[in-house]
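# Results of the structural survey
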Amino acid sequence: MQKDPKELPLRERKKLRTRQALADTALELFTARDFTAVTLDEIVDAVEVSKRTFFRTFTSKEDVALAPEKELWAAYLADIQTRPLTGERLLGAYKDALFGAVEQMTDGWEQRFLASRSLADRTPALTAHSLRHCSEVSENVVRTMADRLAGHSPGRTELRLLLDLMLAAWHRALEAWTSSDAARQDRPALIRHMRKAFAAIPAVAALAAQDS
């Protein structure tokens, strides 16, 4: 669970404000113009910080453009590292961690996420960066689960397939959410689409069992 920013030391709160300002400004500039047309100098000048400050916070333009996505998966990883696990409810743990991560995102995160996702969909460099990040997160999750279930793990292949099933449901929920009317693209709507997508998993599993 992420800490309430108000509970953090002043220095950490300032870092968070700078990070948010850089991410918000970058997304505004990228959306208004084009990812490739906006320079790093323009971003830092707009926020009135140095490049050195930028690189203390983000690694690249791609990194800042995908900040909402990376915030979500950072929260997900933090959750899965401490969530109680049982061998019979691994898919449930994957799913519950995702709901927990979505619910703890800061106010306005969903709109930033939508802007970032739209930008990535039309920018090949961001699509590639997002896919690479997804792969890294998946590897970290499977490694974490295997370590936590040492001696009781069903195996890395099974852990990865369960995670891929969870991610497939997540992407289906995103497709439904992003294609809906803009007035319905709030966080409660996203959670409803997630519940609907995850509710379909038992039927999918039954279909898979028929072919085994």
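Everything that follows concerns the structure shown earlier in this document.
Residues numbered from 1 in each chain as written. Predicted model: local features only at pLDDT ≥ 70, side-chain atom pairs only at ≥ 80, totals over all residues. Heavy atoms only, no water.

### Brief notes about the packing of aromatic side chains
For the structure on display, the rule yields nine aromatic pairs. An angle of 35° between the planes, with centres 5.0 Å apart, marks the rings of W109 and F113 as tilted. One end of the pair, W109, and the other, F113, are both in helix 7 (residues 109-121), four residues apart, so they sit about a helical turn from each other. Classification of W109 as buried rests on a relative accessible area of 0%. Of the residues examined, F113 reaches a relative accessible area of 5% and is grouped as buried. Lying over the aromatic face of F35, K61 brings its terminal NZ or CZ to 4.5 Å of the ring centre. (Phe/Tyr/Trp six-rings, centres within 6.5 Å; stacked < 30°, edge-to-face > 60°. Helix = DSSP H or I, 4+ residues; strand = E, 2+ residues; numbered from the N terminus. Buried < 20%, exposed > 50% of the residue type's maximum accessible area, 1.4 Å probe, protein only. Lys NZ or Arg CZ within 6 Å of the ring centre and 35° of its normal.)

### Observations regarding the side chain of E71
Among the structural elements, E71 can be located in helix 5 (residues 67-80). Lacking a salt bridge, the buried E71 has R19 as its closest oppositely charged neighbour, with an N-O distance of 4.0 Å. (Lys, Arg positive; Asp, Glu negative; His and termini not counted. Salt bridge = Lys/Arg side-chain N within 4 Å of Asp/Glu carboxyl O.)

### Some thoughts on the layout of surface pockets
Here the second largest pocket is characterised by a volume of approximately 310 Å³. Along its surface, the second largest pocket is lined by 17 residues, and E69, R117, S130, L131 and H171 are the ones closest to its centre. Where the lining of the second largest pocket is concerned, the elements lending two or more residues are helix 5, helix 7, helix 8 (124-148) and helix 9 (156-178). Grouping the amino acids of the lining of the second largest pocket by side-chain chemistry returns 10 nonpolar, four polar and three charged. (1 Å grid on protein atoms, 1.4 Å probe; cavity = no way out; pocket = protein on both sides within 12 Å on 5 of 7 lines; lining within 4 Å. Points joined across faces, edges and corners; volume = space filled by probe spheres on them. Nonpolar A, V, L, I, M, F, W, Y, C, P; charged D, E, K, R; others polar.)

### Things to note about unusual backbone geometry
Here E48, not a glycine, exhibits a phi torsion of approximately 65°, which is positive. With respect to the helices, strands and loops of the structure, E48 is situated in the loop between helix 2 (40-47) and helix 3 (51-57).

### Quick notes on the nonpolar core
Counting residues in each nonpolar core, the largest one holds 41 residues, and the members touching the most others are Y76, Y94, L98, V102, W170 and M194. Among the elements of the structure, helix 5, helix 6 (90-104), helix 7, helix 8, helix 9 and helix 10 (187-199) are those that each provide at least two residues to this core. No other element matches the nine residues that helix 9 contributes to this core. The next biggest cluster of nonpolar side chains, apart from the first, holds 20 residues, and it includes L22, V38, L40 and V47. (Core = buried A, V, L, I, M, F, W, Y, C linked by side-chain atoms within 4.5 Å.)

### Regarding helix 2
Turning to helix 2, its buried residues number three or more, namely L40, I43, V44 and V47. With its buried residues spanning 90° around the axis, helix 2 presents them on a single face. Considering only its buried residues, helix 2 is in contact with helix 1 (10-32), helix 3 and helix 4 (61-65). A positive backbone phi angle near 65° is found at E48, which sits one or two residues after helix 2. (Arc of directions from axis to C-beta. Contact = heavy atoms within 4.5 Å.)

### Thoughts on the packing of helix 9 against helix 10
Following both chains from N to C, one finds helix 9 and helix 10 inclined at 135°, their axes separated by 8 Å at the closest point. With respect to their mutual orientation, helix 9 and helix 10 come out oblique. The chirality of how helix 9 crosses helix 10 is right-handed. Here helix 9 contributes M166, A169, W170, R172, A173, L174, A176 and W177 to the contact with helix 10, which in turn contributes A189, L190, H193, M194, A197 and F198. (Axes fitted to C-alpha atoms, helices over the stretch in contact; angles between N-to-C directions. Parallel < 35°, antiparallel > 145°, perpendicular 65-115°, else oblique. Left-handed = near helix turned anticlockwise from the far one by under 90°.)

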